[in-house]
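Below, each chain spelled out in residue letters.
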Amino acid sequence: MSCYIIEGGSRLSGEVQISGAKNAVLPILAAAAARKESKIKNIPFLSDVSNTLRILEKLGMDIKAENNTVTTLNNINSTELDRDLSRKMRSSVLFLGALLGKYGEVTIYEPGGCQLGQRPIDIHLWAMEQLGAEIKQIDERIICKGKLKGTDITLPIISVGVTENIILAAINAKGTTIINNSAMEPEIDDLIKYLNESGSKITRRNNTIIIEESASDNYCEHSIMPDRIETGTYLGMAAATGGELFIKGADPGHIKFIISLFEKTGCIIKTDFSTIYIDAPSKLYSIPEVTTRPYPYFPTDMQPQLMAVLSKAEGSCIINETLFSARNKHIPELIKMGADIKEITSSQFEVTGVKKLIGAELYAKDLRGGAALVTAALSAEGESRIYGTEHIIRGYEALCAKLTAAGGKIKLIK
């Protein structure tokens, strides 16, 4: 098994360059399956991105990758996803809307990804049925067919993936589609921007998205937005180590709530158009209570990292996880390091800061939980070994190189 070996206790200092957003590039690559030709820039080369490109190639798409740019040319000759590749990541479900809308049929499998509790795709399939699809399941295969028609859809729950899937399907539907109670994450707006650049007619009015019928399918060049969760993670790593970082290529407007929380711990944070400066004190102060909520509030994808930071802050914090019932697998690992964390319920936790964390042998069970363990290990005394690196590399490009350049002592052993 590969692992990160981290020698804790070094204060992060210097610059970190933020990569393109994982949660924006994956739906945009799925969208490329429904467009003729695109050049997509600022792509982070992560394992999920590599898997998505392999899915596209197996469908028949011509892919050219150079540095952080991918050019796609649509020669798709199949509408059945590769079973093994699609089971490696949750985002493979986005090919449902893209291929069904464009070609009138698609065969998918239950997607993979981090095990964060019940995450059924029933609502994705329900949304396709609202657009006119017929769906049947034969063994492991989910077969969807139909000529889609625009309609009004009100989501019963706010879901980023379902919002994106409806958009991807509706761009090739007959008539206008209106999504009510849509998710408002900026990654969705980046997808809309890409599709509009290639000829679609999509507008947003707060949490309502309108997709008009359009026959245009133009070549476009698009640059992926900065990764706001990677940005927040490096803020957390700087805070945990009492560090001073210039975080470059970020969008401070996307993480206002995250910034406000770190300021409450005692960090000094300054921003301009694309840079965030953080100067963290040697002693942090806790926050009374934090609740995960959909954008623009505190994101569930930053909950584990914040918990790692607050493990050494003075005082106690109640963390309420409202989105994923199993986003708690990092807690036993942090406790191994000496953290004082009580699980009140499976989704409510009390974190009381301790004076120090001690390096330990740790196991990452999911992507953001793994990032939390790296954060804690950087701030701990002694050496930590973190296994389950395959989870972490799904969402963080060049993690070792970026941290090493900022003074962190980390290496990947394969």
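Anything mentioned here points back to the structure above.
The following refers to the structure shown. Think of each chain on its own: its residues are numbered from 1, step by step along the sequence as written. Residue-level local features of this predicted model are given only where pLDDT is at least 70; pairs of side-chain atoms are given and counted only at 80 or more, and the full residue set underlies all totals for whole chains, interfaces and linings. Calculation of side-chain values draws on the structure's entire complement of heavy atoms; hydrogens and water are dropped beforehand.

### Some thoughts on the nonpolar core
Inference 1: Formed by 67 residues in total, the largest nonpolar core has its most connected members in Phe 95, Met 128, Ile 166, Ile 167 and Leu 195.
Inference 2: The secondary structure listing takes helices from DSSP runs of H or I that are at least 4 residues long and strands from runs of E that are at least 2 residues long, numbered from the N terminus. The greatest single-element share of this core, amounting to eight residues, is contributed by helix α1 (residues 22-32).
Inference 3: Here a residue-residue contact requires only that any non-hydrogen atoms of the pair lie within 4.5 Å. With residues near it in sequence (within four places) discarded, Leu 195 still touches Ala 31, Arg 35, Ile 167, Leu 168, Ile 171, Ser 200 and Ile 202.
Inference 4: Phe 262, Val 290, Cys 317 and Ala 376 belong to the second largest nonpolar core, which has 66 residues in total. By nonpolar core we mean a set of buried residues, namely Ala, Val, Leu, Ile, Met, Phe, Trp, Tyr and Cys, connected to one another through side-chain atoms within 4.5 Å. Each residue is placed in one exposure class: buried if its accessible area under a 1.4 Å probe, protein chains only, is under 20% of its type's maximum, exposed if it is over 50%, and partly exposed if it falls in between.

### What about the sheet that holds strand β10 (residues 177-180)?
Inference 1: Taken together, four strands build an open sheet; the order of strands is β9-β10-β12-β11 and the sheet is mixed. Either end of the sheet is taken by a strand with one partner, and the two such strands are β9 (152-154) and β11 (201-205). Across this sheet, the average inter-strand angle for adjacent strands is 15 degrees, counted without regard to direction.
Inference 2: Sheet topology places β11 next to strand β12 (residues 208-212); five bridges connect them, and they run antiparallel. Note on β12: the bridge partner recorded for Thr 203 is Ile 210.
Inference 3: Of the strands in this sheet, β9, β10, β11 and β12 touch helix α6 (residues 160-170), which is tilted by about 175 degrees from β10. Here, a strand pair is defined by DSSP locating no fewer than two bridges between the strands. Lines are fitted to the C-alpha atoms to define the axes, a helix being fitted only along its stretch in contact, and any angle between axes, read from their N-to-C directions, falls within 0 to 180 degrees.

### Examining the side chain of Asn 74
Inference 1: If you trace the backbone, Asn 74 turns up in the loop between β5 (69-73) and α3 (83-86).
Inference 2: Judged by relative accessible area, which is 18%, Asn 74 ranks as buried.
Inference 3: Between N or O atoms, a polar contact is any pair within 3.5 Å; within protein, one atom must be a potential hydrogen donor and the other a potential acceptor, and residues adjacent in sequence are included only when both atoms are from side chains. Engagement of the side chain of Asn 74 in a polar contact is seen with the backbone nitrogen of Ile 76, the distance being 3.0 Å.
Inference 4: Ignoring anything within four residues of it in the chain, the contact list for Asn 74 reads Ala 32, Ala 33, Ala 34, Arg 35, Lys 36, Met 61 and Tyr 103.

### Points about the sheet that holds strand β2 (residues 13-17)
Inference 1: One open sheet holds the four strands; their spatial order is β2-β14-β16-β15, and the pairing between them is mixed. Because the sheet does not close on itself, it has two edges, and the strands there are β2 and β15 (268-271). On average, adjacent strands in this sheet sit at an angle of 15 degrees to one another, irrespective of strand direction.
Inference 2: The sheet contact formed by strand β14 (residues 244-248) and strand β16 (residues 275-279) spans five bridges and is antiparallel. The residue bridging Phe 246 from the neighbouring strand is Tyr 277, located in β16.

### Comments concerning the side chain of Thr 265
Inference 1: Within the secondary structure layout, Thr 265 lies in the loop between α9 (256-264) and β15.
Inference 2: At 2.6 Å, the side chain of Thr 265 and the backbone oxygen of Phe 262 are in polar contact.
Inference 3: Each residue touching Thr 265, except ones within four places of it in the same chain, is listed here: Lys 283, Leu 284, Tyr 285, Ile 287 and Leu 310.

### Re unusual backbone geometry
Inference 1: Of note, the bond from Tyr 295 into Pro 296 is cis; its omega dihedral lies within 30 degrees of zero at 15 degrees.
Inference 2: Secondary-structure assignment places Pro 296 in the loop between β17 (289-291) and α10 (303-310).
Inference 3: Even without glycine at this site, Asp 139 takes up a positive phi of about 55 degrees.
Inference 4: By the element assignment, Asp 139 lies in the loop between β7 (134-138) and β8 (141-145).
Inference 5: For Asp 139, a relative accessible area of 71% gives the class exposed.

### What about the layout of surface pockets?
Inference 1: A pocket, in this scheme, is an open set of points on a 1 Å grid over the protein atoms alone with protein on both sides within 12 Å along at least 5 of 7 lines, while a cavity is a set where a 1.4 Å probe fits but cannot get out; residues line either one if an atom lies within 4 Å of a point. Grid points are joined across faces, edges and corners, and a volume is the space filled by probe spheres set on the points. Taken as a whole, the second largest pocket encloses approximately 330 Å³ of empty space.
Inference 2: Lining the second largest pocket are 21 residues, and of these Ser 282, Lys 283, Leu 284, Lys 312 and Lys 355 sit closest to its centre.
Inference 3: For the lining of the second largest pocket, the class distribution of residues is eight nonpolar, eight polar and five charged. Classification used: nonpolar for Ala, Val, Leu, Ile, Met, Phe, Trp, Tyr, Cys and Pro, charged for Asp, Glu, Lys and Arg, polar for all others including Gly.

### Considerations on helix α5 (residues 122-130)
Inference 1: Considered for burial, the residues of α5 that qualify are Ile 123, His 124, Leu 125, Ala 127 and Met 128.
Inference 2: Those residues of α5 hidden inside the fold are in contact with α4 (95-103), β7, β8, β9 and α6.
Inference 3: Looking one or two places after α5, you find Gly 132, whose phi comes out positive at around 110 degrees.

### As for α9
Inference 1: For α9, the full list of buried residues reads Ile 258, Ile 259, Leu 261 and Phe 262. Seen end-on, α9 carries its buried residues on one side only, within an arc spanning 160 degrees. Facing away from the buried side of α9, by more than 90 degrees, are the exposed residues Lys 256 and Lys 264.
Inference 2: Along its buried surface, α9 packs onto α8 (228-240), β15, β16, β17 and α10.
Inference 3: Immediately beyond the C-terminal end of α9, within one or two residues, lies Gly 266, with a positive phi of roughly 115 degrees. The arc in question is traced by the directions running from the helix axis to the C-beta atoms.

### Focus: empty space enclosed by the protein
Inference 1: All chains considered together, the criterion is met by one cavity of 30 Å³ or more.
Inference 2: Empty space within the largest cavity amounts to approximately 30 Å³.
Inference 3: In terms of lining residues, the largest cavity is bounded by Arg 228, His 254, Ile 255, Phe 257, Ile 258, Tyr 295, Pro 296, Tyr 297 and Pro 299.
Inference 4: Looking at the lining of the largest cavity residue by residue, the classes come out as seven nonpolar, one polar and one charged.

### Describing the environment of Gly 359
Inference 1: With respect to the element layout, Gly 359 can be found in the loop between β20 (348-352) and β21 (361-363).
Inference 2: For the pair Gly 359 and Thr 231, spaced 128 residues apart in sequence, the C-alpha to C-alpha distance is 25 Å.
Inference 3: Not counting chain neighbours up to four residues away, the residues in contact with Gly 359 comprise Ala 380, Glu 381, Gly 382, Glu 383 and Ser 384.

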